[in-house]
Amino acid sequence: MTDTSTQEPAVKRTQMKVSDEVAIEITDMNKWFGTFHVLRDINLTVNQGERIVICGPSGSGKSTLIRCINALEEHQQGKIVVDGTELSNDLKNIDKIRSEVGMCFQHFNLFPHLTILENCTLAPIWVRKTPKREAEETAMYFLEKVKIPDQANKYPGQLSGGQQQRVAIARSLCMRPRIMLFDEPTSALDPEMIKEVLDTMIQLAEEGMTMLCVTHEMGFARQVANRVIFMDAGQIIEQNEPEEFFNNPQSDRTKLFLSQILGH
Amino acid sequence: MSDTHSESALHTAYVRKEMLPERDPPASQKGAVLWMRENLFSSIPNAIMTVVSLYVIYYILAGIGPWMIGGIWDAESLTECRAIRDELYGHGREVACWAVITDRWHQLLFGFYPQDLYWRPILTLVLFGVAVAPVLFENAPRPLLIVTALFPFVAYFLLWGGSVWGPAAVAVGFILAWAILTYTQDILGSLAATLAAIVVPLLYWLYLVGPVAGWLHGLAPIGIEAVGSDEIGGFLLALVIGGTGIILSLPIGILLALGRQSDLFIINKCSVIFIEVIRGVPLIVWLFTASLLLNYFLPPGTNFDLMLRVIIMVTLFASAYIAEVVRGGLAALPRGQYEGADSLGLNYWQSMQLIVLPQALKISIPGIVSTFIGLFKDTTLVVFVGLSDPIGFSNLIRATSEWNGIYWELFIFIGICFWIFCFSMSRYSQWLERKLNTGHR
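Conventions used here
- Residues numbered from 1 in each chain as written.
- Chains lettered and ligands numbered in written order.
- Predicted model: local features only at pLDDT ≥ 70, side-chain atom pairs only at ≥ 80, totals over all residues.
- Heavy atoms only, no water.
- Phe/Tyr/Trp six-rings, centres within 6.5 Å; stacked < 30°, edge-to-face > 60°.
- Helix = DSSP H or I, 4+ residues; strand = E, 2+ residues; numbered from the N terminus.
- Buried < 20%, exposed > 50% of the residue type's maximum accessible area, 1.4 Å probe, protein only.
- Disulfide = S-S within 2.5 Å.
- Pairing = 2+ DSSP bridges.
- Axes fitted to C-alpha atoms, helices over the stretch in contact; angles between N-to-C directions.
- Contact = heavy atoms within 4.5 Å.
- Patch = residues over 30% accessible without salt bridge, like charges linked within 9 Å, V, L, I, M, F, W, Y side chains within 5 Å.
- Areas by Shrake-Rupley, 256 points an atom, 1.4 Å probe, with all protein chains shown as cover.
- Salt bridge = Lys/Arg side-chain N within 4 Å of Asp/Glu carboxyl O.

Draft legend 1. Seen up close, the packing of aromatic side chains. Counted according to the given criterion, the structure contains 24 aromatic pairs over all chains. Between Phe230 of chain A and Phe257 of chain A, the ring centres sit 5.0 Å apart and the planes meet at 45°, which makes this aromatic pair tilted. With Phe230 of chain A in strand 9 (residues 227-232) and Phe257 of chain A in helix 9 (residues 252-262), this pair connects stretches of sequence that are 27 residues apart. As far as the burial class goes, Phe230 of chain A and Phe257 of chain A line up, both buried. Ring centres of Trp67 of chain B and Trp98 of chain B lie 6.0 Å apart, and the angle between their planes is 65°; this geometry places the pair in the edge-to-face category. With Trp67 of chain B in helix 3 (residues 44-69) and Trp98 of chain B in the loop between helix 4 (78-89) and helix 5 (99-110), the pair connects residues that are 31 residues apart, well separated along the chain. Pair check on accessibility: Trp67 of chain B and Trp98 of chain B agree, each one buried.

Printed below as a string of structure tokens:
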């Protein structure tokens, strides 16, 4: 993947606000798939308003890491605290955290049997017990924000990949999450559709959303992220501000990776 | 570059300004002649097949057609039928004797149900139509769901008759379950409330329903003439067993399928064992178990209606099959759908009800309906445990001196009765599949 030029953020990256409040705190977290040690001693603190891009070769555990944050994967050791709530086996806690943390998937995972509007109102109505009308108003507000209000009554199967991913973002936003996780949101898209999704994400960043994003879009990382994390073999190898990270990588592994993805 | 001419000659770019209009296909490409040439006579082997098939169809129709159309409708017995036939057509020609149907249709349809009470099963069937409408068709008026909820009790009351308080007392058990589930959830927690909602009504049904109904009947004796299970027979019996089995096996089957997918060890293993044991043994064995063995397991003195026992067995048998069909649908659903639902904070039952089952059931519609059709036709097996379904009655009718020796007419009639219901189910499922298609996968 090379840089995909996107719209310059209206707010400069350095001016986007980061608060002192801790949003996610991961301490000494370990995870195994069977006997395979996927995540090793992960320590990571994310403040409210931070935009973090996680990159690394495939199989390095970056998707697994963010999937642990909303308990789609279970960690076996260590501690994950999201918004003051610790992730444990208590199902109530898990459902609470999931409703506070939005997630966008590589393959969108929209519900094909529901219309776009129903996709967006489902969780607010059933989890938040929002009245239907209010949920629909919120849904239309966010669909307008991702610029597809006119598709509200279509089914996901009738939309393009880029439109579907923007619906997925709107669907998460309808729950008014404090944190958004993106798991390779543009990897399954045609090149001409990547931009529209990235623009939506940039807009979110400008509004101060806490974001953790697994992506290979280095242009996006340079423009928006305030921290880039490089992972390999289940460990965080290096993390830094984007300029430093790209221009002055410290470890050999990072240098090799960057030369491979930026080198052509 | 394909446009080498203009390129070499003029070096100007070519841009189309006007689009060519669409034209009709050539005359030889439309109409009936084309259709026949394409579908019936496209090649020499195809043409030969067409001619041979047409001959076979003609041969069969020429044999059956006159036999059916020339049939005799008005006679008292087979002997009389034959006499009329010889008189009409001369000796040596076979025609159907439909008189057996006109003479005995009521037995084939209703069994020994009292003739002056035929309105009760007919009304039940009509109410059944009203009750399933809101379930089968989205645009049926929603208030009809009240009819749906009340139908099982009304149907029981209409078919078997007796005191109105019996079915009413049973219905109260369901209200009890609902009330426990709604009002004790906050006090007991969801698991304990669910258990209580199952155990308390069960105890109520086992020990209290009889006395309560008897007491109420003593206070206000309201009821209609009772009809025994042994009087219900013919196609009515097939409908009662098949209909109950179909309606109950779907929810049980879905729960079993979810159980088989569950991470909870006990629930998982219980579901697997239930499904594999029920499915691994022929239905006829289960029916004999119901008719002969079950009495040994029940407390002494309980007289459990044979028909009820058969209905339970047929339902459990169908549930095991439905469970496997639904499991196929669940497995066909991409992992991402479960994760999508989870990531939004939906709990297990919400994600099953709103996301997983609607899609999984849609995928399984053809399999589910096949199972239903199979179940409905398998109800004819109950003849072996002594219930008089249509086949049973055809045997009884053939055993009488009037109709001894008649076969085809009875079986054709029974076949048509079954076919009407099975074909409707099949058409409905196809309609439903088309309706639920949202242009994805």
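Now that the structure has been shown, the text picks up again.
Draft legend 2. Spotlight on the state of the cysteines. Applying the stated criterion across every chain, the model contains 1 disulfide over all chains. The thiol sulfur of Cys174 of chain A is not disulfide-bonded, and the nearest other cysteine sulfur, from Cys120 of chain A, lies at 4.6 Å.

Draft legend 3. Summary view of the sheet that holds strand 7 (residues 179-183) of chain A. Residue and element names in this part refer to chain A. If you trace the 6 strands from one edge of the open sheet to the other, you get 6-7-8-3-9-10, paired in mixed fashion. In this open sheet, the two strands that pair with only one neighbour each are strand 6 (101-104) and strand 10 (235-240). Looking at each pair of strands side by side, their axes are set apart by 20° on average, direction ignored. Pairing of strand 3 (residues 51-55) with strand 9, which is carried by 4 bridges, proceeds in the parallel orientation. Bridge assignment links Cys55 to a residue of strand 9, and that residue is Phe230. Here helix 1 (residues 62-69) sits on the sheet and contacts strand 3, strand 6, strand 7, strand 8 (210-214) and strand 9; the angle it forms with strand 7, its principal contact strand, is near 150°.

Draft legend 4. View of a nonpolar patch on the surface. On the surface, a nonpolar cluster with roughly 1200 Å² of combined accessible area is contributed by Ile44, Ile48, Val52, Tyr55, Val56, Tyr58, Tyr59, Ile60, Ile64, Met68 and Ile69 of chain B. Note on placement: Tyr58 of chain B falls in helix 3.

Draft legend 5. Quick look at the pattern of salt bridges. All names here are of chain A. As enumerated under the stated definition, the model contains 22 salt bridges over all chains in all. Residues Glu137 and Arg133 are paired through a salt bridge, measuring 3.6 Å at the closest nitrogen-oxygen approach. Placement of the pair is Glu137 and Arg133 together in helix 4 (residues 132-145), with a separation of 4 residues, close to one helical turn. Glu137 sits in the partly exposed class, given a relative accessible area of 48%. Judged by its relative accessible area of 64%, Arg133 is exposed.

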